[in-house]
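Here is how the chains run, residue by residue.
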Number of protein chains: 2
Amino acid sequence: MTPISHQIQLLRRPTGLPAQSDFTLKEVPLPALQEGEVLVTNQWLSVDPYMRGRMSEAKSYVPPFPLNGPLDGGAIGTVQVSRHPDFKVGDPVSSMLGWRDAFVARGEQLTRLPATALPSQLFLGALGMPGMTAWAGLHKVARLQAGETLLVSAASGAVGTMAVQLAKRAGARVIGSTGSADKVAYLKTLGADAVINYRETPDLDAELTRLAPEGIQVYFENVGGAMLDAALNNMALHGRIVLCGLIEQYNSNGQGSGPRNLAQMIRKRLLMQGLLVSDHWQHYGEFLAEAIPAFEAGLLQAEETISEGLASMPQAFIGLFEGRNTGKMLVRLG
Amino acid sequence: MTPISHQIQLLRRPTGLPAQSDFTLKEVPLPALQEGEVLVTNQWLSVDPYMRGRMSEAKSYVPPFPLNGPLDGGAIGTVQVSRHPDFKVGDPVSSMLGWRDAFVARGEQLTRLPATALPSQLFLGALGMPGMTAWAGLHKVARLQAGETLLVSAASGAVGTMAVQLAKRAGARVIGSTGSADKVAYLKTLGADAVINYRETPDLDAELTRLAPEGIQVYFENVGGAMLDAALNNMALHGRIVLCGLIEQYNSNGQGSGPRNLAQMIRKRLLMQGLLVSDHWQHYGEFLAEAIPAFEAGLLQAEETISEGLASMPQAFIGLFEGRNTGKMLVRLG
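Now for a look at the structure at hand. Source: prediction; values computed, not measured.

Listed by partner, the interface residues are 31 residues for chain A and 31 residues for chain B. Approximately 2600 Å² of surface area, both sides summed, lies buried where chain A meets chain B, with 60% of it carried by carbon and sulfur atoms. Three residues stand out in chain A for area buried against chain B, namely Arg260, Ile266 and Arg269 of chain A, and they jointly supply 25% of the buried area on that side. Counting every contact that joins chain A to chain B gives 2 salt bridges. A salt bridge links arginine 269 of chain A to aspartate 279 of chain B; the shortest N-O distance between them is 2.8 Å. Joining chain A to chain B, the criterion identifies 9 residue pairs in polar contact (both at pLDDT 80 or more). Mapped by element, the contributors of at least two residues to the side of chain A that touches chain B are strand S12 (235-243), helix H7 (263-267) and strand S13 (271-274) of chain A. Classifying every residue of the side of chain A that touches chain B gives 15 nonpolar, 11 polar and 5 charged. Direction of pairing for S13 of chain A relative to strand S13 (residues 271-274) of chain B: antiparallel, over a ladder of 3 bridges. Along S13 of chain B, the bridge assignment pairs leucine 271 of chain A with glutamine 273 of chain B.

Below is the structure:
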C-alpha cells in the first residue's frame, strides 16, 4: 500500500460530448491519518450520467466539479487502515469518493455495506443509487398500480433495468425503449412485455399507439427528445411522467429542443414531476428490504458493463452517452 | 320572437390564426317545442381561447366542432317559452349553446343562475368557467400557500385576472405578465405586486430573477413559449407549474417549440400538471361561496371586453389571440 492516490481530474469544462482530453490522471500524496480517519482503497467506481451536469459551470442541485481537483462519485472500497472506532481493516464500505484508487476520509464519509453475500458492486447499481431511483420514481412519484402500462426509456440502463423489473413485480405491463437488438433481447429476458429499438423505429408515435392502444399510464423518462414527444401523444388520461433524466440534452449546452406537444399535458391532465433520488433516501431501507431478498432468490437480475482500471474511467463515462453500457457502467480497479 | 335561430357556423378548419372567412352566419328555423323543452334567447356569449382547439380536427378533450353546423360555447340567456316544469318564462339560465341568438333545448341542458344581484354575465367569466379555472389551479392543483410567490402569465385575461386576485386573497406575492402598459396599470389596481410587460422586456429570465430572487413557488401558465422557459429557470426548489393554457401554440399547428430547459424540472424537482376545469366542477359551490360574497362586497373585480352583436363573434374570437381583451371577452346580443 502506497501513500499515493491516483485520481482523475477535470482539466477543462467539456463542450458537448466530453473528450478524453478533458481529463487527466494525477498522483496525489495521501495525508497521514488523523484520529477519526480511515484509509480506503477502492475496488469499484460508479459511472453515472448525472456526472455530466457537474462538469458544467451551470448552477445545479450539486455544485460543479472543480477544475484541477478530484472528481467524485460513488465508489465501493475496503478499509486498509483505521483510526475510527466504527471501522476495522477489511470492512467493505461505500463512499462518494470515486474517480480515485485510494483516499483518506473521516469515518462519517463512509457507509458500511449491508450484510449480504451479494457482490458488493451491486450497491453502486441495482441496490444503490440507480436502483433506488427506479423504485422511488415508480412507487413514490408515479404511484404505479397493478394493471397499468408503463413506458421506460433507456430501459437497458442502470435505472431502466431496475424500473422494468420492479414494475413487473408490481403487476404492471411494461414497454421498454432501447437502442440495439442485443438490448431488446436482454430486456425481454427481464420480463418486458414489449421493447422498442428506437434506432430502427421511424415512427415512434405510431409504434407506441400500436403497443399501448389504451394509452400509457406512467412514463419513466430517462432520455427526452423524440421519445418524450411520442410518449406525450400516447399518454392516457391523468397519466404521470416521472422526469428522471434527459440524457439526450446533457451534451447540448442548453440548446436541446423541448417537447412540441406540451398541450397534451392539458388535454389529458398529465402530471410531470422531476425526480432526484436525494429526496427519497429516507425510504432506502424499505427498498432494500424488498430488493436484497429478491436478488438473493434470483428474482431480480443486474447486468453490468465493466471497464478495467482507473485510466479507463473517462472513456467509460463518455461511453454512457454513446449507449455502450447495458445495465450499470462500472470501473473495476486492480 | 321568431322561430329562427341565427348562428355562427364553421365553414372550414382554420390554419394558423383563424380568419373571418372561416366562419359564416346562418339562419336556422327552430323546431316546435316538445314536452320537457325550453326556448331560450341568449343575451351574452362567451368567447374563450379553448375554442380554438375544437376548430381543429385533432383529438382533444372535447370533440371537434362540426363543419357547417352550430359552434357551441358558454352563453347566458332568458327562458322565452317553457314546457319544462323547472323553468318558467323570464328565468335567467346558462348553457353551452352559445355562438347563436336563440335555441330550443331540453331543460337538462340548462343551468339556473345562482340568486344574486350581480350582473349575469359574470357567470361566463369571473364567476364561471375562467374564475373556477383560476381557483382550481391555485387551490386544488398548486395548493398555493400564504407567503409564496406566484407568477401568472396572460395575467390580464379572464383566468389571469381571477388568479391574481384570488392569490392575493390567499396571502401570496403575485407577479403578473401581460402585453401592454394599460394592462400593466390595470393589474396593479387588482393588487399585483409586480407586473411584467413581456413585449418590452428583452430578457424575461433576468427580469424574473430580479423580481423573484428567492424563486417562484407557483407558476400559473396560460401562454407557453419564452415565458415558460424563463419561468423554468426561475422556479424555486419543489415549485409547481399549473399548465392551464398554451395560447401561443394554439395557432401553430403543432409546430410550436417546447421548453428547452426541461432539465430544470429534474434539478429543482418541479411538478407540472395539466389543468382542465372539468375535473373540478364538484368544488364549484365551494368557489362560489367564496367569490360571490367577495364580488358583492367589492373585494373582487372583473373587467370585461364587450363586442356587440352576433356577427361580431368571429372577430371577438380572433381578438383573443391578438391580446385585444382585458378580462373576459364577451359578445352582447341586442
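Picking up after the structure, the text goes on.
Moving on, we come to the relation of the copies chain A and chain B. Note on the copies: chain A fits chain B at an RMSD of 0.0 Å, the axial shift is 0.0 Å, and the rotation between them is 180 degrees. Such a turn and shift between the copies fits a two-fold axis. Closest approach to the rotation axis within chain A is made by the C-alpha atom of glycine 258 of chain A, at a distance of 2.1 Å. An overlap of 100% is found between the interface residues of chain A and their copies at the interface of chain B, pointing to a shared contact surface.

Turning our eyes to something else, we now look at helix H3 (residues 158-169) of chain B. Residue and element names in this part refer to chain B. Taking 1.5 Å per residue as the helical rise, H3 with its 12 residues ought to reach 16 Å, and the 17 Å between its terminal C-alpha atoms agrees with that figure. Burial within H3 is extensive, with 10 of its 12 residues counted as buried. Restricting attention to buried positions, one finds in H3 the residues Ala158, Val159, Gly160, Thr161, Met162, Ala163, Val164, Gln165, Leu166 and Ala167. Where H3 ends, the next residue or the one after it, glycine 171, has phi of about 90 degrees, a positive value.

Let us look at the packing of helix H2 (residues 129-141) of chain B against H3 of chain B. Residue and element names in this part refer to chain B. At their nearest, the axes of H2 and H3 sit 8 Å apart, and the two run at 45 degrees to each other. For the element pair H2 / H3, the angle class is oblique. Here H2 runs over H3; the crossing is right-handed. When H2 is examined against H3, the residues Pro130, Gly131, Thr133, Ala134, Trp135 and Leu138 are found in contact with a partner set consisting of Ala158, Val159, Met162, Ala163, Leu166 and Ala167.

The tally for this structure, following the rule as stated, stands at 30 salt bridges over all chains. With its nearest N and O atoms 3.3 Å apart, the salt bridge here joins lysine 88 of chain A to aspartate 91 of chain A. Overall, the relative accessible area of 57% leaves lysine 88 of chain A in the exposed class. With relative accessibility at 7%, the residue aspartate 91 of chain A sits in the buried group. Close ionic contact of aspartate 22 of chain B with arginine 12 of chain B constitutes a salt bridge, the shortest N to O distance being 3.1 Å. You can see aspartate 22 of chain B sitting in the loop between strand S1 (4-10) and strand S2 (23-29) and its partner arginine 12 of chain B sitting in the loop between S1 and S2, a full 10 residues away along the chain. Here arginine 12 of chain B falls in the partly exposed class, since its relative accessible area comes to 41%. In the salt-bridge network here, residues are joined through shared partners; they are Lys88, Asp91 and Arg112 of chain A.

Calculation rules
Residues numbered from 1 in each chain as written. Chains lettered and ligands numbered in written order. Predicted model: local features only at pLDDT ≥ 70, side-chain atom pairs only at ≥ 80, totals over all residues. Heavy atoms only, no water. Contact = heavy atoms within 4.5 Å. Buried area = accessible area lost by both parts, 1.4 Å probe. Salt bridge = Lys/Arg side-chain N within 4 Å of Asp/Glu carboxyl O. Polar contact = N/O pair within 3.5 Å; in protein donor to acceptor, adjacent residues only side chain to side chain. Helix = DSSP H or I, 4+ residues; strand = E, 2+ residues; numbered from the N terminus. Nonpolar A, V, L, I, M, F, W, Y, C, P; charged D, E, K, R; others polar. Pairing = 2+ DSSP bridges. Least-squares fit on C-alpha atoms with pLDDT ≥ 70 in both. Expected span 1.5 Å × (residues − 1). Buried < 20%, exposed > 50% of the residue type's maximum accessible area, 1.4 Å probe, protein only. Axes fitted to C-alpha atoms, helices over the stretch in contact; angles between N-to-C directions. Parallel < 35°, antiparallel > 145°, perpendicular 65-115°, else oblique. Left-handed = near helix turned anticlockwise from the far one by under 90°.

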